[in-house]
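# Breakdown of the fold
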Amino acid sequence: MRAPAVEIARSWIGTRYEHQASLKGEGADCLGLVRGVWRELLGPEPESLPPYSWDWAEVGGAETLLEAARRWLVEIPVGEARAGDVLLFRMAPGCAAKHCAILSSEDGQGRMIHAYWGRAVIETWLGDWWWRRLVAAFRFPSPGPGSTAGAALAGMTGR
C-alpha cells in the first residue's frame, strides 16, 4: 500500500488549495488529499465528514483529526514512518493536531506531499520546522477481509 499511496499522492500535485475540498485537479485541503488517496487505494470513504471551519482545531481543542485517524488508519511509531504513510502535525504547542501529509521520501530529512493553505498540493522537504510539529504517523490499512477498509468496501459493494 505504501508505494501506490505515494504514486497516487503525486498525481494530486498542482491541485489548488480549497478548504474542505477533495477533488483531484479541482481543489483539496490537507485532509482532502488524504481522503482522495484513500478512495483511490481502498474505495469509498468509511465515514461522512461533517463541515469544518478554518479554526476547527482552535475551537474546543478536541483531537478530531487524530481520533479519526485512529479509527480508520493503522497507527505506527513516528520513527517507523515510511514513504506512503500519513503524518499528523500540531501547528502550535498545546493545539490539536490540525495538518496532515503523506510521507513521500525518507532520504535526508524526508519529503512530504500535502495541501498547503494559499498554495496547492505540493511536495516539500520535511525540514526541522515540520519534524518539531510531527505528532503521529499512520499506515493505510490493507483492504483484506477483517480490516476496516475491507469492511467498508464490503459494506459498499454488498459482498
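Residues numbered from 1 in each chain as written. Predicted model: local features only at pLDDT ≥ 70, side-chain atom pairs only at ≥ 80, totals over all residues. Heavy atoms only, no water.

Assigned secondary structure in the chain consists of five helices and eight strands. Going from the N terminus to the C terminus, the chain shows its helices and strands as α-β-β-α-α-β-β-β-β-β-α-β-α. Within the chain, the fraction of its 159 residues that count as buried is 46%. Within the chain, contacts between residues separated by at least 24 positions form 56% of all contacts whose residues are at least 6 apart in sequence. (Helix = DSSP H or I, 4+ residues; strand = E, 2+ residues; numbered from the N terminus. Buried < 20%, exposed > 50% of the residue type's maximum accessible area, 1.4 Å probe, protein only. Contact = heavy atoms within 4.5 Å.)

Right, let's talk about the pairing of strand 5 (residues 97-105) for a bit. Along strand 5, eight of the nine residues are buried, which leaves the element largely enclosed by surrounding structure. Linking strand 4 (residues 86-90) to strand 5, which pair antiparallel, is a turn of six residues; within it Gly-94 sits at a positive phi near 80 degrees. Alignment of strand 5 against strand 6 (residues 111-115), held across three bridges, turns out to be antiparallel. Bridging from a neighbouring strand, Ser-105 pairs with Arg-111 of strand 6. In this antiparallel pair of consecutive strands, strand 5 and strand 6, the connection spans five residues, and Gly-108 shows a positive phi of 60 degrees. (Pairing = 2+ DSSP bridges.)

Bringing the confidence of the model for the chain into the picture now. When pLDDT is averaged along the chain, the result is 86, and 82% of the positions lie at 70 or above. Considering only residues more than four positions removed or in separate chains, one finds that residues 146-159, a stretch of pLDDT under 50, has 19 contacts. (pLDDT = per-residue confidence, 0-100.)

Next up on the list: the environment of Ala-62. Within the element layout of this structure, Ala-62 appears in the loop between helix 2 (30-42) and helix 3 (64-72). A relative accessible area of 42% places Ala-62 in the partly exposed class. Ala-62 sits 35 residues away from Ala-97 along the chain, and the two C-alpha atoms are 9.0 Å apart.

By the secondary structure assignment, Glu-45 is in the loop between helix 2 and helix 3. Sequence-wise, Glu-45 and Arg-35 are ten residues apart; in three dimensions their C-alpha atoms are separated by 7.0 Å. Here Glu-45 is in contact with Arg-35, Trp-38 and Arg-39, once residues within four sequence places are set aside. A distance of 2.7 Å separates a polar atom in the side chain of Glu-45 from a polar atom in the side chain of Arg-35. (Polar contact = N/O pair within 3.5 Å; in protein donor to acceptor, adjacent residues only side chain to side chain.)

Another point: the packing of aromatic side chains. Overall, the coordinates contain three aromatic pairs when judged by the stated rule. Ring centres of Tyr-116 and Trp-130 lie 6.1 Å apart, and the angle between their planes is 70 degrees; this geometry places the pair in the edge-to-face category. With Tyr-116 in the loop between strand 6 and strand 7 (121-125) and Trp-130 in helix 4 (residues 128-133), this residue pair connects regions lying 14 residues apart in the sequence. Judged by relative accessible area, Tyr-116 falls into the partly exposed class, the value being 27%. With a relative accessible area of 8%, Trp-130 lands in the buried category. Centre to centre, the rings of Trp-129 and Trp-130 are 4.8 Å apart; their planes meet at 80 degrees, and the pair counts as edge-to-face. Ring pairing ties together the aromatic residues Phe-89, Tyr-116, Trp-129 and Trp-130, which thus form one cluster. Just above the ring of Trp-125 sits the side chain of Arg-111; from NZ or CZ to the centre is 4.5 Å. (Phe/Tyr/Trp six-rings, centres within 6.5 Å; stacked < 30°, edge-to-face > 60°. Lys NZ or Arg CZ within 6 Å of the ring centre and 35° of its normal.)

Bringing helix 2 into the picture now. Over its 13 residues, helix 2 runs 18 Å from end to end, which matches the ideal 18 Å to within 8%, given 1.5 Å per residue. In terms of burial, helix 2 is a largely internal element, eleven of the 13 residues being buried. Those residues of helix 2 that sit buried are Cys-30, Leu-31, Gly-32, Leu-33, Val-34, Arg-35, Gly-36, Val-37, Trp-38, Leu-41 and Leu-42. Positive phi appears at Gly-43, one or two residues downstream of helix 2, with a value of about 105 degrees. (Expected span 1.5 Å × (residues − 1).)

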